[in-house]
Number of protein chains: 2
Amino acid sequence: MPRSQYHLTQSEENYIKAIFALSGSSDDSISTNLLAERMSTKASSVTDMLKKLAEKELLTYTKYQGCTLTETGRNVAISIVRKHRLWEVFLVDKLQFGWDEVHEIAEQLEHIQSAQLINRLEEFLGFPKVDPHGDPIPNREGKFENIPARSSLSSCEIGTKGIVMGVEDGSPEFLQYLNRIELKLGSEIEIADKLSFDGSLVVIIDGRTTQFSHLLAAKIFIQPTS
Amino acid sequence: MPRSQYHLTQSEENYIKAIFALSGSSDDSISTNLLAERMSTKASSVTDMLKKLAEKELLTYTKYQGCTLTETGRNVAISIVRKHRLWEVFLVDKLQFGWDEVHEIAEQLEHIQSAQLINRLEEFLGFPKVDPHGDPIPNREGKFENIPARSSLSSCEIGTKGIVMGVEDGSPEFLQYLNRIELKLGSEIEIADKLSFDGSLVVIIDGRTTQFSHLLAAKIFIQPTS
DNA sequence: GATAAAATTTAGACTTGTCTAAAAAATGTT
DNA sequence: AACATTTTTTAGACAAGTCTAAATTTTATC
Ligand SMILES: [Mn+2]
Ligand SMILES: [Mn+2]
Ligand SMILES: [Mn+2]
Ligand SMILES: [Mn+2]
């Protein structure tokens, strides 16, 4: 009994994706204001959209209590994330874009409707497990393969060595800064010192010494090797 | 003095593209009803849109007299056609789609906004000159390279031999029929006979004899070799 | 040139997604 | 518990894109 596939608008898909991202692993409900900020819109617009998405059973919504994705809603979100990340791999691996240039284009491509397209793209790309920022790509059943545990650099001790496995993909400026200091996925990194008065870190990246603010370090994820 | 680049909606882009396609080489104006039929919408909706597009100077519109694209409008149309056809090449050459499967997906992909993306895609594909249906791909300056003259099969004499250079890409069913009889771009074709009572043709395709209705023959374009 | 038919536009309505301003509910503070 | 503040919802508006039904203009025909 194939559940009738609602067509979702780009706007609806963007809301679903945002709620999924804000939820993370927890299943606490997401507040209207938080979602409004994330979507760069007003709380009243969010309320309207939540009613509509609740009507379509993509999330549960209780007045004044925020929302939580349903199973269906989560699946929609995962499918969009899958598309976004596979397109990012395409842009970087095949079209030679930098990791700082792909997010905006992928924001558009993630809404292209065709299951066949994305499955063939995945095959064409050789079934990548992570996107250019190290984020895991769910398989066609929507499962994230077991990705080895990663720690934020800011949570590691002095003396920790590791390999860069992921970086936050929010801002192009941040990624361009990483380009400048030649930090990539796979770079070897060591925490040489932590300055207690401002929480900044002295780090050695592939042999080059530099300094990271706490905020910057929080956006880099490593797999510790010692 | 960079002319302020209006953002066009998908709907606006689809209208522009349709007007361009209906205009062909002639510069007669396109009537409201013709456009309405092409867009599968109502004449009243077309009127509204024409007013908007005229306001944006993408076309000239005179009440009761139809519309004509301006230079700017034509450039927009060509850029969309370019994107559509390059994406079709990608889908067929890289993702192994059949020529009957790509149109609908390309209808979505043609609206992705990024000049860099399409230029890099073109390079990745090796600067193809035609799409999977034999239609020419304009270069990044919007020029169609000189494509050798092609004739509709229906307009050729008995005894004409030629190479299939293009087919109409409107309907998947038509393209699937061509698959069935193994007619491809590059196939050698000869008109063995013309039946005067219904205008149908007896043709030989790569050595195999079959029969084409006049309507079907009109959708196949060859470069005559004799 | 008058009249009939066809094409086109206008008027008014509806949906989606957004906004501002005001009302209501929840939360925090004494 | 009462008041103040913050969060959230509601009410009413607007732009885009569409529709139906009615009015208008053009074109065809006698
Ligand atoms: Mn991204
Ligand atoms: Mn990413
Ligand atoms: Mn096509
Ligand atoms: Mn085509």
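Residues numbered from 1 in each chain as written. Chains lettered and ligands numbered in written order. Predicted model: local features only at pLDDT ≥ 70, side-chain atom pairs only at ≥ 80, totals over all residues. Heavy atoms only, no water.

Q: Honestly, the nonpolar core in this entry has me stumped. Any pointers?
A: It is characteristic of soluble globular proteins that their nonpolar side chains tend to be buried jointly. If you look at the biggest cluster of nonpolar residues, it comprises 32 residues, and the most contacted ones within it are A:Phe90, A:Leu91, A:Leu121, B:Phe90, B:Leu91 and B:Leu121. For this core, the secondary structure elements donating two or more residues are helix H4 (71-94), helix H5 (103-109) and helix H6 (115-124) of chain A together with helix H4 (71-94), helix H5 (103-109) and helix H6 (115-124) of chain B. Those residues in contact with A:Phe90, other than ones at most four positions away along the chain, are A:Leu95, A:Leu121, A:Phe124, A:Leu125, B:Phe90, B:Leu121 and B:Phe124. B:Val46, B:Met49, B:Ala77 and B:Ile78 belong to the second-largest nonpolar core, a separate cluster that totals 22 residues. (Core = buried A, V, L, I, M, F, W, Y, C linked by side-chain atoms within 4.5 Å. Buried < 20%, exposed > 50% of the residue type's maximum accessible area, 1.4 Å probe, protein only. Helix = DSSP H or I, 4+ residues; strand = E, 2+ residues; numbered from the N terminus. Contact = heavy atoms within 4.5 Å.)

Q: Even after reading the chapter, I still don't get the relation of the copies chain A and chain B, so can you show me in this structure?
A: Relating the two copies of this chain is a rotation about some axis coupled with a shift parallel to it. Expressed as a screw operation, the relation of chain A to chain B combines 0.0 Å of axial shift with a rotation of 180°, fitting to an RMSD of 0.0 Å. Expressed as a symmetry operation, the mapping of one chain copy onto the other fits a two-fold axis. Rotation axis and chain A: the residue whose C-alpha lies nearest the axis is A:Leu109, separated from it by 3.8 Å. (Least-squares fit on C-alpha atoms with pLDDT ≥ 70 in both.)

Q: Quick question: what am I supposed to make of the coordination of the manganese ion (ligand 4) here?
A: Around a metal, the idealised angle for a tetrahedral arrangement of four donor atoms is 109.5 degrees; for an octahedral arrangement of six donor atoms it is 90 or 180 degrees. Residues and elements named next belong to chain B. At 2.2 to 2.7 Å from the manganese ion (ligand 4) lie its protein donor atoms, namely Glu88 (OE), Asp131 (OD), His133 (ND1) and Asp169 (OD). Each donor residue of the manganese ion (ligand 4) belongs to the same chain, with the gaps between them written as E-x42-D-x1-H-x35-D. If you look at the manganese ion (ligand 4) and the manganese ion (ligand 3), they sit 3.4 Å from each other and are both ligated by Glu88. With Asp131 in the loop between H6 and strand S3 (151-152) and Asp169 in the loop between strand S4 (161-167) and helix H7 (172-180), this pair connects stretches of sequence that are 38 residues apart. The burial state of Asp131 is the same as that of Asp169; both residues are buried. (Donors = N, O, S within 2.8 Å, 3.2 Å for Na, K, Ca; no water.)

Q: Explain the coordination of the manganese ion (ligand 2) here, please?
A: Residue and element names in this part refer to chain A. Around the manganese ion (ligand 2), the protein contributes the donor atoms Glu88 (OE), Asp131 (OD), His133 (ND1) and Asp169 (OD), which lie 2.2 to 2.7 Å from the metal centre. Linear spacing of the donor residues for the manganese ion (ligand 2) on their chain is E-x42-D-x1-H-x35-D. Between the two metals, the manganese ion (ligand 2) and the manganese ion (ligand 1), the spacing is 3.4 Å, and Glu88 donates to both. A residue pair is termed long-range when its members are at least 10 positions apart, and His133 in the loop between H6 and strand S3 (151-152) and Asp169 in the loop between strand S4 (161-167) and helix H7 (172-180) qualify at 36 residues. Judged by its relative accessible area of 18%, Asp169 is buried.

Q: Explanation requested: the environment of A:Glu145 in the structure shown.
A: Residue and element names in this part refer to chain A. With respect to the helices and strands, the residue Glu145 is situated in the loop between H6 and S3. Glu145 gets classed as partly exposed once you look at its relative accessible area, which sits at 38%. C-alpha of Glu145 to C-alpha of Ile163: the two residues are 18 residues apart in sequence and 19 Å apart in space. Look past the residues within four positions of Glu145 in its chain and what remains in contact with it is Lys129 and Asn139.

Q: Looking at this model, I keep getting lost on the packing of aromatic side chains. Mind explaining?
A: Any pair of aromatic rings gets described here by the distance separating the centres and the angle formed by the planes. Here the structure, examined in full by the defined rule, presents 7 aromatic pairs over all chains. On the basis of an interplanar angle of 55° and a centroid distance of 5.0 Å, the ring pair of A:Phe90 and B:Phe90 is categorised as tilted. Of this pair, A:Phe90 sits in helix H4 while B:Phe90 sits in helix H4, which puts the two residues in different chains. Residue class for A:Phe90 comes out buried when judged on its relative accessible area of 0%. (Phe/Tyr/Trp six-rings, centres within 6.5 Å; stacked < 30°, edge-to-face > 60°.)

Q: Is there a simple way to think about the protein's contact with DNA strand C in this case?
A: Residues in close proximity to DNA strand C total 20 residues, the closest being A:Thr9, A:Thr41, A:Lys52, B:Lys51 and B:Tyr61. Near the protein, within 4 Å, the atoms of DNA strand C are sugar or phosphate in 76% of cases. One nitrogen or oxygen atom from the main chain of B:Asn33 is found 2.9 Å from a phosphate oxygen belonging to DNA strand C. Taken together, the elements giving at least two residues each to the surface near DNA strand C come down to helix H1 (10-23) and helix H3 (43-55) of chain A together with helix H2 (32-38) and helix H3 (43-55) of chain B. When grouped by side-chain class, the residues that make up the surface near DNA strand C number 5 nonpolar, 10 polar and 5 charged. (Near = heavy atom within 4 Å. Polar contact = N/O pair within 3.5 Å; in protein donor to acceptor, adjacent residues only side chain to side chain. Nonpolar A, V, L, I, M, F, W, Y, C, P; charged D, E, K, R; others polar.)

Q: Explanation requested: the packing of H4(A) against H6(A) in the structure shown.
A: Residues and elements named next belong to chain A. At their nearest, the axes of H4 and H6 sit 10 Å apart, and the two run at 40° to each other. When the axes of H4 and H6 are compared, the pair comes out oblique. Pair H4 / H6 crosses with left-handed handedness. Counting all contacts with H4, which are made through Arg82, Lys83, Leu86, Trp87, Phe90 and Lys94, the residues of H6 involved are Leu117, Ile118, Asn119, Leu121, Glu122 and Phe124. Class assignment of the residues belonging to the contact of H4 with H6 gives a composition of 7 nonpolar, 1 polar and 4 charged. (Axes fitted to C-alpha atoms, helices over the stretch in contact; angles between N-to-C directions. Parallel < 35°, antiparallel > 145°, perpendicular 65-115°, else oblique. Left-handed = near helix turned anticlockwise from the far one by under 90°.)

Q: Even after reading the chapter, I still don't get the pattern of salt bridges, so can you show me in this structure?
A: For side chains of opposite charge, pairing can occur when their charged atoms come near one another. Enumeration according to the criterion identifies 15 salt bridges over all chains in this entry. Across the pair B:Lys56 and B:Glu12 runs a salt bridge, and its minimum N-O distance is 2.9 Å. With a gap of 44 residues between them, B:Lys56 in the loop between H3 and strand S1 (59-61) and B:Glu12 in helix H1 (residues 10-23) connect regions that are remote in the sequence. There is no split in this pair, since B:Lys56 and B:Glu12 are both buried. When the shortest N-O distance is used, the salt bridge between B:Glu122 and B:Arg140 registers 3.2 Å. Separated by 18 residues along the polypeptide, B:Glu122 in helix H6 and B:Arg140 in the loop between H6 and S3 bring together distant segments of the chain. Since its relative accessible area comes to 42%, B:Arg140 is described here as partly exposed. Residues participating in the shared-partner salt-bridge network are A:Glu12, A:Lys52 and A:Lys56. (Salt bridge = Lys/Arg side-chain N within 4 Å of Asp/Glu carboxyl O.)

Q: Before we go on, may I ask you to explain H3(A) in this structure?
A: Each α-helix winds once per 3.6 residues, and so residues spaced three or four apart point in a common direction. All names here are of chain A. Here H3 spans 18 Å end to end across 13 residues, near enough to the 18 Å set by a 1.5 Å rise per residue. Here H3 has its buried residues at Val46, Met49, Leu50 and Leu53. Down the axis, H3 shows its buried residues gathered within 110° of arc, on one side only. H3 presents Ser44 and Glu55 as exposed residues on the side facing more than 90 degrees away from its buried surface. Among the structural elements, H1, helix H2 (32-38), strand S1 (59-61) and strand S2 (67-69) are those in contact with the buried residues of H3. Following H3 by one or two positions, Glu57 adopts a phi angle in the positive range, close to 60°. (Expected span 1.5 Å × (residues − 1). Arc of directions from axis to C-beta.)

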